[in-house]
Amino acid sequence: MIKMPFYEIQDGIFEIDEFDCDNIFVITGDERALVIDTGTGIGDLRDTIRRITDKPYEVALTHAHPDHIGGADRFEAVWLHPDDWFMLDEKTCEKAPTLAYRNNYMEIIRAREKKFYDYDPESALHEWEAAPKLLPLADRQEFNLGGRTVTAVHCPGHTPGEMVFIDDKTKTLLIGDACNCNLLVNAGWKETPRDSVRATLEGLLAVTKLHALYEHIYNSHHDYRSFGCELPGFVVNDAVQCMREILDGTAEYQEIPNPLSKEGAKKTIALKGKSMVSFMEGDIQKECRR
Ligand SMILES: [Zn+2]
């Protein structure tokens, strides 16, 4: 059994660390719990959830990237915004995140972190045998957990169906991959790369308009904050400003080693304060030229 470390980050909200690959959150109410994301698939997630709560729970996904849905085969049904359904087939495993992709991602993180992890990389991940049923997660959908309500908010950009979650009891925003310190924009989800940046900016601005509802922010990767610590609010504000500057032609660009490349490839990022914005595929500076 591979035990996963977790941390109670706010009253009744737990952050599970999937060995630096990403974070999974469990929000516990008086009657029910909500699990947000399922990781790459390393570790015994169901067992870890049971160590946190004995309440019945539902599973919601921030988006359909393999490091967030890799463990979704362990659950019968998952909530996912329909704009991300194209990345996953209901009931069949044809579009399931492949074992090769997830193994490669796990190895990149292991090589980068140089930590000892208490799992065997040869056998930590497995091929999906069944896909979960997909439930349509909607903008402003509420999960009433008893004594607290969690609201899902659509924040497209990183993927078309990216969702963030706001807990009313602790005023906590779980922002998924919608704003990591290096915000990866999906360059191809609108007609042009510039349109994609513009739409991503609008998505993030829609969340910042709800600022009265949250005081604490946690993203889905703790590369730029310590495990269990908050993401400083200025990271979101800087990302917003960075995208404005990309669009008005005043952004500052830098070439950095791609943190997701084994071969040491470089990538171009736009920089503002501590925030970086880049494209998942392609060069943001070249593609966003007017
Ligand atoms: Zn992602």
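Residues numbered from 1 in each chain as written. Predicted model: local features only at pLDDT ≥ 70, side-chain atom pairs only at ≥ 80, totals over all residues.

K.L.:
Help me get a handle on the overall build of the protein, residues and values and all.
P.N.:
For the protein, the count of helices and strands is six helices and 16 strands. For a compact globule of 290 residues, the expected C-alpha radius of gyration is about 19 Å, and the protein comes in at 18 Å, within 12% of that figure. For the C-alpha atoms alone, the extent of the protein along its principal axes is close to 55 × 45 × 35 Å. Considering only intrachain contacts with a sequence separation of at least 6, the fraction spanning at least 24 residues in the protein is 63%. (Helix = DSSP H or I, 4+ residues; strand = E, 2+ residues; numbered from the N terminus. Rg over C-alpha atoms; globule rule 2.2 N^0.38 Å. Contact = placed C-beta atoms within 7 Å.)

K.L.:
Can you tell me about the pairing of strand β6 (residues 77–80), naming the residues and giving the values?
P.N.:
When a strand is regular, its side chains alternate between the sheet's two faces. Across four bridges, the pairing between β6 and strand β7 (residues 133–136) is parallel. Counterpart to alanine 77 in the pairing with β7 is lysine 133. Handedness of the β6-helix α3 (residues 99–113)-β7 crossover: right-handed. (Pairing = 2+ DSSP bridges. Right-handed = clockwise from strand over helix to strand, strands pointing away.)

K.L.:
Give a description of the packing of helix α4 (residues 193–208) against helix α5 (residues 233–248) that names residues and reports values.
P.N.:
Contact geometry for α4 and α5: axes closest at 10 Å, N-to-C directions at 150°. Relative to α5, the element α4 lies roughly antiparallel. Seen along the crossing, α4 lies across α5 with a hand that is left-handed. Residues Arg194, Val197, Arg198, Thr200, Leu201, Leu204, Leu205 and Thr208 of α4 pack against Val236, Ala239, Val240, Met243, Arg244, Ile246 and Leu247 of α5. (Axes fitted to C-alpha atoms, helices over the stretch in contact; angles between N-to-C directions. Parallel < 35°, antiparallel > 145°, perpendicular 65-115°, else oblique. Left-handed = near helix turned anticlockwise from the far one by under 90°.)

K.L.:
Which residues make up helix α1 (residues 45–52), and what values do they have?
P.N.:
For α1, every residue scored as buried is listed here: Leu45, Thr48 and Ile49. The arc that holds every buried residue of α1, seen down its axis, measures 100°, which confines them to one face. Exposed side of α1, more than 90 degrees from the buried face: Arg46 and Arg50 are the residues found there. Where α1 is buried, its residues contact β1 (6–10), β2 (13–17), β3 (23–28), β4 (33–36) and β5 (57–60). (Buried ≥ 20, exposed ≤ 12 C-beta atoms within 10 Å, placed from the backbone. Arc of directions from axis to C-beta.)

K.L.:
Break down the sheet that holds strand β14 (residues 252–257) for me, with residues and values.
P.N.:
Spatial ordering of the open sheet is given by β12-β16-β15-β14, a layout of four strands whose pairing is mixed. With partners counted over all chains shown, the strands left at the sheet margins are β12 (182–185) and β14, one partner each. Each neighbouring strand pair of the sheet contributes to a mean axis angle of 35°, computed without reference to strand direction. Here strand β15 (residues 266–272) pairs with strand β16 (residues 275–279) via three bridges, running antiparallel. Paired with leucine 271 across the strands is methionine 276, a residue of β16.

K.L.:
Describe in detail the sheet that holds strand β13 (residues 216–219), supporting the description with residues and values.
P.N.:
In spatial order, the strands read β8-β9-β10-β11-β13; together these five strands make up an open sheet with mixed pairing. Unpaired on one side and paired on the other, β8 (142–144) and β13 mark the two borders of the sheet. Across the sheet, the mean angle from the axis of one strand to that of its neighbour is 20°, orientation sign disregarded. One ladder, built from five bridges, connects strand β9 (residues 149–154) with strand β10 (residues 163–167); its direction is antiparallel. Across the sheet, valine 153 pairs through a bridge with valine 164, a residue of β10.

K.L.:
Lay out α4 in plain terms, naming residues and giving numbers.
P.N.:
The terminal C-alpha atoms of α4, which comprises 16 residues, lie 23 Å apart, in line with the 22 Å expected from a rise of 1.5 Å per residue. Burial in α4 covers these residues: Pro193, Ser196, Val197, Thr200, Leu201, Gly203, Leu204 and Val207. Projection of α4 onto a plane perpendicular to its axis shows the buried side chains occupying an angular sector of 160°, all on one side. Elements in contact with the buried residues of α4: β9, β10, β12, α5, β16 and α6 (284–287). (Expected span 1.5 Å × (residues − 1).)

K.L.:
Describe in detail unusual backbone geometry, supporting the description with residues and values.
P.N.:
Residue phenylalanine 19 is not a glycine yet carries a positive backbone phi of 50°. Structurally, phenylalanine 19 can be placed in the loop between β2 and β3. Despite not being glycine, aspartate 37 shows a phi value in the positive range, around 80°.

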